[in-house]
Amino acid sequence: MALEPRLRGWPTVVMLPADTCGSALCRADRANRLFLHPIHPDAYNTLVSLITDLRQCRSFEDFYHFQQTLLEKILKIQGHGQACA
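This structure is a prediction, so every number in the text was calculated from the model and none was measured.

Quick notes on the rules
- Residues numbered from 1 in each chain as written.
- Predicted model: local features only at pLDDT ≥ 70, side-chain atom pairs only at ≥ 80, totals over all residues.
- Heavy atoms only, no water.
- Helix = DSSP H or I, 4+ residues; strand = E, 2+ residues; numbered from the N terminus.
- Buried < 20%, exposed > 50% of the residue type's maximum accessible area, 1.4 Å probe, protein only.
- Contact = heavy atoms within 4.5 Å.
- Areas by Shrake-Rupley, 256 points an atom, 1.4 Å probe, with all protein chains shown as cover.
- Axes fitted to C-alpha atoms, helices over the stretch in contact; angles between N-to-C directions.
- Parallel < 35°, antiparallel > 145°, perpendicular 65-115°, else oblique.
- Left-handed = near helix turned anticlockwise from the far one by under 90°.
- pLDDT = per-residue confidence, 0-100.

Student: I'd love a proper account of the overall build of the protein, names of residues and values included.
Tutor: Secondary structure assignment for the protein yields 3 helices and 2 strands. Listed N to C, the secondary structure of the protein is β-β-α-α-α in terms of helices and strands. The proportion of buried residues among the 85 residues of the protein is 12%. When contacts within the protein are restricted to residue pairs at least 6 apart in sequence, those whose partners lie at least 24 apart make up 19%. Carbon and sulfur atoms make up 62% of the accessible area of the protein, which amounts to about 7,000 Å² in all.

Take a look at the structure:
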């Protein structure tokens, strides 16, 4: 996969020419387009936020609220996936 130097933890993706379809480069191009989808950087930011929130939990109530927030996010993503299917 053709990648430029990393920027804030996410690679800058170099799009490949369309005339390479049918080859390994075409498969890399499809993978590049997948990673350019806005949901991926959002997921990374959400993951960092969730880890931070989990580390701050001290009581059963904190863990319960964390779990509820996590469940809401999972259901939202599943709904998005079903809408796209």
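Student: Give me the lowdown on the packing of helix α2 (residues 39–55) against helix α3 (residues 60–84), citing residues and values where you can.
Tutor: Between α2 and α3, the least distance of the axes is 11 Å, while the angle of their chain directions is 170°. It follows from the interaxial angle that α2 and α3 lie roughly antiparallel. Between α2 and α3 lies a crossing of left-handed hand. Where α2 approaches α3, its residues Ile39, Thr46, Leu50, Asp53 and Leu54 are matched on the opposing element by Phe63, Phe66, Leu70, Lys73, Ile77 and His80.

Student: Account for the confidence of the model for the protein, with residues named and values stated.
Tutor: With 71% of its residues at a pLDDT of 70 or more, the protein has an overall mean of 77. Per-element confidence in the protein is highest for α3, whose mean pLDDT is 92, and lowest for strand β1 (residues 3–7), whose mean pLDDT is 45.

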